[in-house]
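Residue strings, one per chain:
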Amino acid sequence: AGLTQPPSVSKGLRQTATLTCTGHRTNVGNEGAAWLRQHQGHPPKLLSYRNNNRPSDISERFSASRSGDTASLTITGLQPEDEAEYYCSAWDINLSAWVFGGGTKLTVL
Amino acid sequence: QVQLVESGGGVIQPGRSLRLSCVGSGLSFTNNIMHWVRQTPGKGLEWVAVIWYAGDKTHADSVKGRFSISTDNFNNTMYLEMTSLTPEDTALYFCAKEADGFDVWGQGTMVTVSS
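A brief look at the structure comes next. Quick caveat: nothing in here was measured; it's all calculated off a predicted structure.

1. Describing the interface of chain A and chain B
Across the boundary between the two partners, chain A contributes 16 residues, which contact 19 residues of chain B. For the pair chain A and chain B, the two sides together bury roughly 1500 Å², of which 69% comes from carbon and sulfur. The largest contributions to the chain A side of the interface with chain B come from A:Pro43, A:Trp98 and A:Phe100, which together make up 40% of the buried area. There are 0 salt bridges connecting chain A and chain B. At the level of secondary structure, the elements contributing two or more residues to the side of chain A that touches chain B comprise β3 (34–38), β7 (84–92) and β8 (97–100) of chain A. The class makeup of the residues in the side of chain A that touches chain B is 11 nonpolar, 4 polar and 1 charged.

2. Notes on unusual backbone geometry
Residue and element names in this part refer to chain A. Located in the positive-phi region is Arg14, a residue other than glycine, with phi close to 70 degrees. Relative to the helices and strands, Arg14 resides in the loop between β1 (8–11) and β2 (17–22). Taking the relative accessible area as the measure of exposure, Arg14 reaches 63% and is therefore exposed.

3. Describing the pairing of strand β10 (residues 102–105) of chain B
Residues and elements named next belong to chain B. Where strand β9 (residues 91–98) meets β10, 3 bridges bridge the pair, whose relative direction is antiparallel. Bridge pairing in β10 places Lys97 opposite Val104. Hairpin connection from β9 to β10: 3 residues lie between these consecutive antiparallel strands, with Asp100 at a positive phi of about 55 degrees.

4. Section: the packing of aromatic side chains
Inspection of the entire model under this criterion finds 7 aromatic pairs over all chains. Aromatic side chains A:Trp91 and B:Trp52 sit 6.0 Å apart centroid to centroid with 85 degrees between the ring planes, which places their arrangement in the edge-to-face category. Residue A:Trp91 is located in strand β7, and its partner B:Trp52 is located in the loop between β5 (45–51) and β6 (57–59); the two belong to separate chains. With a centroid separation of 5.7 Å and 55 degrees between ring planes, the pair formed by B:Phe102 and B:Trp105 is classed as tilted. Take B:Trp105: its relative accessible area is 9%, and that puts it in the buried class.

5. A closer look at the side chain of B:Glu98
Mapped onto the elements of the fold, B:Glu98 is located in strand β9. One polar contact links B:Glu98 to B:His35, side chain to side chain, over a distance of 2.6 Å. Non-local contacts of B:Glu98, meaning those with residues more than four positions away in its chain, are made with A:Trp98, B:Ile33, B:His35 and B:Asp103.

Reading the values: rules and limits
Residues numbered from 1 in each chain as written. Chains lettered and ligands numbered in written order. Predicted model: local features only at pLDDT ≥ 70, side-chain atom pairs only at ≥ 80, totals over all residues. Heavy atoms only, no water. Contact = heavy atoms within 4.5 Å. Buried area = accessible area lost by both parts, 1.4 Å probe. Salt bridge = Lys/Arg side-chain N within 4 Å of Asp/Glu carboxyl O. Helix = DSSP H or I, 4+ residues; strand = E, 2+ residues; numbered from the N terminus. Nonpolar A, V, L, I, M, F, W, Y, C, P; charged D, E, K, R; others polar. Buried < 20%, exposed > 50% of the residue type's maximum accessible area, 1.4 Å probe, protein only. Pairing = 2+ DSSP bridges. Phe/Tyr/Trp six-rings, centres within 6.5 Å; stacked < 30°, edge-to-face > 60°. Polar contact = N/O pair within 3.5 Å; in protein donor to acceptor, adjacent residues only side chain to side chain.

By themselves these figures say nothing about function.
The following block contains the structure:
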């Protein structure tokens, strides 16, 4: 019942990375996904919610979208500090529970 | 500035109980949706429980009947009572505030269940 994310993505400095998160009509397909970033040894940080709403302290380089049951996070102009683990999350209306993806490790080459 | 600080973790034997605390500053638990989320060492995030404004609560199936989330609104503290602990409950436990996604997180408190 969890969300599916690719385990790893590698892109070059200043390139664009698109991370995907596949769920179900009862979670991602219902209200969309929220995206979190986690650097090693730190708690997660919210990047976007309800598909493409960003907290005020998050750079415009981060944008989110959804198509059907799949959510995407696009990061433009990759910087070394973007290297981190990225998680998607969504409320599942059938399970009455939050579900997370397994995370994608983004490597900036 | 909103801040959450967890405590109460430690090493505990299987079958025993433990209570985690999450103290909030800069916010009121009565006006917010609060969660516990855990992270197994080196692995991903797993949602554990939520408590809503009116005190309604929901727990993940993996902990239902063993864990219980609660709040002390006077002291702005949230708790996670954990009973019948197993090695599979070993994780870093975070408390988090929800506002369209988990927008504020504590640093976490580590629970290790081992004999």
